[in-house]
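The lines below spell out each chain.
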Amino acid sequence: MKKLTYIIPLLILIFSNSCKPDLDYAVHGYTQKIIVEGYISNGEYAKVYLSLNVPVWQTIDSATILDHVIRTAKVTISDGKNTEILTSSWDKEHFPPYVYKTTLLKGEAGKTYNLKIEYSGYTVYSVTTIPQPTDIIQFETRESGENDSLKILSASFIADSTKKCGYRIFSRKQADGFYTETPFVFNAAFSLKGLQTIDLNPFPRSTDPSYSESGCFHIGDTVKIRFATIDSISTQFFNELSLFSSTTGIGNAYFTGEKDSLSSNISYPGFGIWSGSGIKIYQVVIK
Amino acid sequence: MSIKFLLLNIIFICLMAATFVVSAQDKYAIIKDTTDSNSITKKNIQIEEVQVRARLKSINLLSGSTGIQLDMESMQQLPRLVGEADPYKALQYMGGVSQAGEANSGLYVRGGNNDQNLILLNGTLIQNPTHVLGIFSVFNPDLIDQMKFVKSGIPAEYGGRLSSVVDISTASVIPEKLKIDGSLGLISSRICVQFPVTKKFSVYGSLRGSYISSLILPGLSLLGIDSSLTKNRYEYYDVNAGFNYKINSKHRIIGHFYSGNDDIGIMQVRQYNLDKNSLWWKNTTGGIQHIYYINNQLSFKQQLSYSSFEIESDLNWFNSVNNLHSGFNQYDYNAGFIQISGIHQLRYGTEISYNQSHPNFIRSDSIIPIEIDNKHNNYYALQGSAYFRDELTIGKWQVNAGVRGNIYAQIGPYTDYDDDQTIKYSAGSIIKTYHSIEPRFFARYLIHKNTSVKLSASRIHQYLNQVPVFSFGIPADLQIPASLYIKPQASWHFSGGYFQNFKENSWETSVEAYYKTLENQLEFKSNVADIFTNGDIEKNLLTGHGWSYGIEFKVRKNSGKFTGWFAYNLAWSYRQFDAINDGKPFLASNDRRHDLSIVTMYKLNDKWNFSALFVYATGSRLNLPLSWYVINQKVILEYGDYNAFEMPAYHRLDLSAIYKMKTIHGIRSELNFSVYNAYNRANPFQILYSTKGFNGTDNFNVGIRMSYLLPVIPSVSWVFHI
C-alpha cells in the first residue's frame, strides 16, 4: 500500500508531462526582404506600404509587425516625364499603418509608372501600367431569401477578351468606414467573354456596423462601389492572394504542402506587388 | 519432452506452415502439390515436430522473395498493441518499412508511397487497411490464418502496385466444432464465431468495435493528460462474414465479406472552428473463390470479387463547412493455374477488372460564392492482365522468372474540359489506353548451408493513385486513376541481399540493399483551396519522378527465453518535379534517413510472457514557411526550398504482458496488459497555423502550432477461446 502512495503520483507526473518536441527552425535559409504593397489608380495619388518579412520562429503579433514597418525608405515614382519622391505618414485605415504617398502625381489610364525604393543600402524596382477602366453597365438587386429587408446586389459589365485583365470589386455601405472587397478576382483565368454578371459579396469586418448583414445589402442603404480593372500580373497576384489568405486568414489551417510562394513584380530583395488599376466609382441606393 | 522444447516446436510448426520453404519438400512432395496454400498449411500442422524443425533452418535463407511470411500464432508473440496482436501493424517494425508517423499505419516501403502497396484480403483489394488513424488495422486477428508480405522480387501473379504486396488470408478450414474467440478490453472488443454446419460446410462471422472516446480517454483526462489529447473522437467498427464449402475432394468454394467504418474528430482542429472538422472512411469488400484440384500436378483457382472504398472529410474552411468526398469501386475476376512439371513450378493466369472512381466530389454550405467550377468527372476503366512465371530449383540455385502484361483503358462517359473546347465522350467509348510489359526476376544462391544471397529485379505499373491532400496529419487521400491526362505510375526495383544464420539458426542476420525508380508521381499543384475550387482534378496535378535507395540490417534471435529482433534501415527517398522547387530534386515527405525497430520478448514461465517494442524514425519531411509578412491586410507565408523542414523524430515504446489463465470448462483465456506509448511521447500529428485578429483589426496574432494525438494508452483485455 505504501508503494502505491509513490507510484500513483509518479504515474500522474509522467502522464501530465508528456515529452513534446518542437520544430527546429534554425537553418532553413531565411532572408530578409522588403515587402512592397503599392497602388496607383487613375485620378488618384499613389500609395506604397513597406515592411520587412518576419522570421517564422519569431512571435507574430501586432507589435512585432509594427516593429517591421519600414519608415525610413526613399520611395520614388516616375511616369517617364514626371518624377516624385513620396512623403510618408501614418495611415490608420491600413495595416501596417504607415504609408508613402504622392502629393502631385496622380495616375492616368494607359500610362506606365516606375517604382524605385531605396532602403538600408538596397534598391528595388518595379513597373506597372494602369489599364483602361471598365464600365459597370447595370446594377440589380434580388431577394436574399433570408431576410425581407436584405438584398443581394449584382453588377454587370462587358469583359474584354482581347486583353488579359482581371477585375476586383469593392463596396462600402453607408454606415461602414471602409471599402470591403468581394473576395475574388474575376476573370482570373482570362477566359471571360462578353456580358458578365457578378454578385457583390463583401466580407464585412467584425467591427463594421454591417457585419450582421454579411454579404447582403439593406434596403434604403446607399452603397459606393469601386470597380477596378487590373493587369495580368496584378490579376495573378491578387488571385493567388485570395486563395492563399482564405486558408491562412481565418482560424486554423493545415499546412497542405504549398508548392509556391505568391507571385511578385518587385525586384530582389523586394517582394510584393506594384499594381496599377483602372477604376470606376459608382453610388447606388438599394431598393 | 520439456515445455521449452514443445513451445519451440510449436513456433517452428507455425513458421513452417506459413512459409513454403523448399528444404523439406524432399520429404513431403505434397508441398509441391498444386493445391492451394491454405490447405497446405493445415496439412503441415499435422507434421511431427522433429521434421518441422528441420525446415526452420532455411526460412530466411531459402525463401523465394524478400519479405515476411507469418501465421497468426507467430504474430501472437508480438507486443499486444492496445490489446491486439496486429500483423499488419507489425509490418512496420520488421525492416524495410518506414515508420509512417503518428496516427498513420501507412506502409512506406523502400521509399515508396502509401498507395503503392497491394493489400489483399482473401485476394480482394483493400484500399485503406487502417482503423482509428492507424492504431488498428482492418484485419481481425482472430480470423487471420496467414499473411505474406513481399517487398522485392514480387512474383508475376501480383500487379498494380509498385512497392509491396500484403496478402492476407482468413481461416479456410472447416472447424470440427463451434469455435468462439473474442476479447473484452478497455479500448475495443471483438468476437468471432466459426460454426460447422455440416462436415463440408462452415460459416463464420466476427464483429469488432471500439469505444475509446467513451471510456479510456475520459479516464486519462482525469489522470491529468492534456485535454487536447483526450477530447478527440476516434471510433471504428468492422464486420467479417464468410463460408467454406468443400464440395468434394476436388472442389472447394470459399466466400468472404468485410465491411468497416471509421469516424474521426480532432478536437485540436475543432477548437477554433467549432466541431466541424471530421473524417470518416469505409471499406467494403466481398469475394467468392472456387478452387479446383485437377490432379496432384495441377490446380485451378478463380475468384470474383468486389471492393469499394469511400473517404469523406468535413473541413471548416473559409468560415463554412466544406465536404470533400472521394471513392473507388472495383469489380474483379481472376483465374490462375498452378502446375508442377519436373523441377518447374509454373503459375499462369489472367485478371480482368472494372473500376469506377470519383476523386473529388465537393459540397459546400458557404454563403460566400466560392467559385467551384463543377468540372468534375467520374472515371471508368477496364483493365486486363495476364501473367506467367516459372520457379526453377537446380542445386543451390533457385530462379523465379516471370512476366506480366497489362492493358488499361479509360472508358466513357467522360468530359474533357479542354481550354479551347469541351469534348464529351459517350458511355463505353475508349478514351485512352495504356499497355505495359513487366519482367520479374528473382534468384537465390545458397553459398553454404547457413548462407545465401538473393538478387531481384522487377518492373511494375500502377493505374490507380491515392494522392494525399495533406502532406502530414489527417490522411485524406483522393482516389485518382490513370486517365487521358494522368499516366500510370511505373517503377524499376533492384534489390540484393546477404543472409547468414548462426548457432543452428538460433540467430538470423541479413543485410539488403535496394535501388528503386518511381515514374509519373503525382502532387497537387497548389494548396487545399484549389482542391475545393477546381473540380477538374487532372489539371490540378503535377507529375514528376522519384528514386530511392537504402540499406537494411536485421538481426533476429529465435530461441531461448529472450527472443526478438533488431531492424535498422538507412534510406534516402527523392522526388523531382519540374514545377516544384525550381525543378531541383527534393526529399520526399516519407524520407526517413534512420529507422529503427527493436522487439524483445521474454517468457518468464508458463503463465507470464512479456514483450516490448521500441521504434525510432527520423522525422518526416515537411514544407513549412520561412517567414511571414502582411500584405493587403493579410498575413502571408513565405516558403523556401520544398520539404526543407524535418519534423521531430518519431519514437515510442510499447509494453505488454500476457497472463495465461487456467482453462475453465474448456475456455482457454488470457489477460493482456499493454501500454501504448509508455513514456507518453507527444509525437507530432500535424502542424497548424492559427491567426486571430484577422479582418481589419490591428491585433494580429499568428502562431505555428504542432498538434499531438495519441498519449500513453494503457489497456487491459481479456482474450478467450471457446
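Please read all numbers here as calculations on a predicted model, not as lab measurements. (Residues numbered from 1 in each chain as written. Chains lettered and ligands numbered in written order. Predicted model: local features only at pLDDT ≥ 70, side-chain atom pairs only at ≥ 80, totals over all residues. Heavy atoms only, no water.)

## Observations regarding a nonpolar patch on the surface
All names here are of chain B. Rules: Patch membership needs two things, relative accessible area over 30% and no salt bridge, and members are linked within 9 Å if like-charged or within 5 Å if nonpolar (Val, Leu, Ile, Met, Phe, Trp, Tyr). Reported accessibility uses the Shrake-Rupley method at a 1.4 Å probe radius. Residues are deemed covered only where the shown protein chains occlude them. Salt bridges, as used here, are contacts in which a Lys or Arg side-chain nitrogen is within 4 Å of a carboxyl oxygen on Asp or Glu. For helices the rule is a DSSP run of H or I covering at least 4 residues; for strands it is a run of E covering at least 2, with both sets numbered from the N terminus onward. A simple rule labels every residue: compare its accessible area, found with a 1.4 Å probe on the protein chains alone, to the largest value its type can have, and call it buried under 20%, exposed over 50%, or partly exposed in between.
Residues Leu178, Ile191, Val193, Phe195, Val197 and Leu207 make up a contiguous nonpolar surface patch of roughly 470 Å² in combined accessible area. Mapped onto the elements of the fold, Ile191 is located in strand S11 (residues 188–196). The exposure class assigned to Ile191 is partly exposed, which follows from its relative accessible area of 38%.

## Structural notes on the pairing of strand S30 (residues 562–576) of chain B
All names here are of chain B. Note the threshold: One bridge is not enough; two strands pair if DSSP finds at least two bridges between them.
Pairing analysis gives 13 bridges linking strand S29 (residues 541–557) to S30, with the strands arranged antiparallel. Bridge pairing in S30 places Lys557 opposite Gly564. Hairpin connection from S29 to S30: 4 residues lie between these consecutive antiparallel strands, with Gly560 at a positive phi of about 100°. Here 2 bridges tie S30 to strand S31 (residues 586–587), and the two strands are oriented antiparallel to one another. Among the inter-strand pairings, Arg575 is bridged to a residue of S31, identified as Phe586.

## Some words on the sheet that holds strand S3 (residues 54–55) of chain A
Across the sheet, 3 strands lie side by side as S3(A)-S35(B)-S36(B); this open sheet has antiparallel pairing. Every other strand in the sheet has two partners, leaving S3 of chain A together with strand S36 (634–639) of chain B as the edge strands with one partner each. Both S3(A) and strand S35 (residues 625–631) of chain B contribute to a ladder of 2 bridges, which runs antiparallel. Paired with A:Val54 across the two strands is B:Trp628, which belongs to S35(B).

## Examining the environment of B:Val138
Residues and elements named next belong to chain B. The criterion, for reference: Contacts between residues were defined by any pair of non-hydrogen atoms, one from each residue, lying within 4.5 Å.
Looking at the secondary structure, you find Val138 in the loop between strand S7 (136–137) and strand S8 (144–152). Here Val138 falls in the buried class, since its relative accessible area comes to 1%. Expressed as a C-alpha distance, the spacing of Val138 and Asp86, which sit 52 residues apart in the sequence, is 9.2 Å. Contacts of Val138, omitting those with residues within four sequence positions, involve Ile126, Asn128, Pro129, Thr130, His131, Arg208, Asp238, Tyr258 and Asn283.

## Quick look at the sheet that holds strand S7 (residues 87–90) of chain A
With mixed pairing, 8 strands are arranged side by side in an open sheet as S7-S8-S2-S1-S19-S17-S13-S14 (chain A). Taken across any chain shown, the strands that pair with only one partner, and hence form the sheet edges, are S7 and strand S14 (180–181) of chain A.

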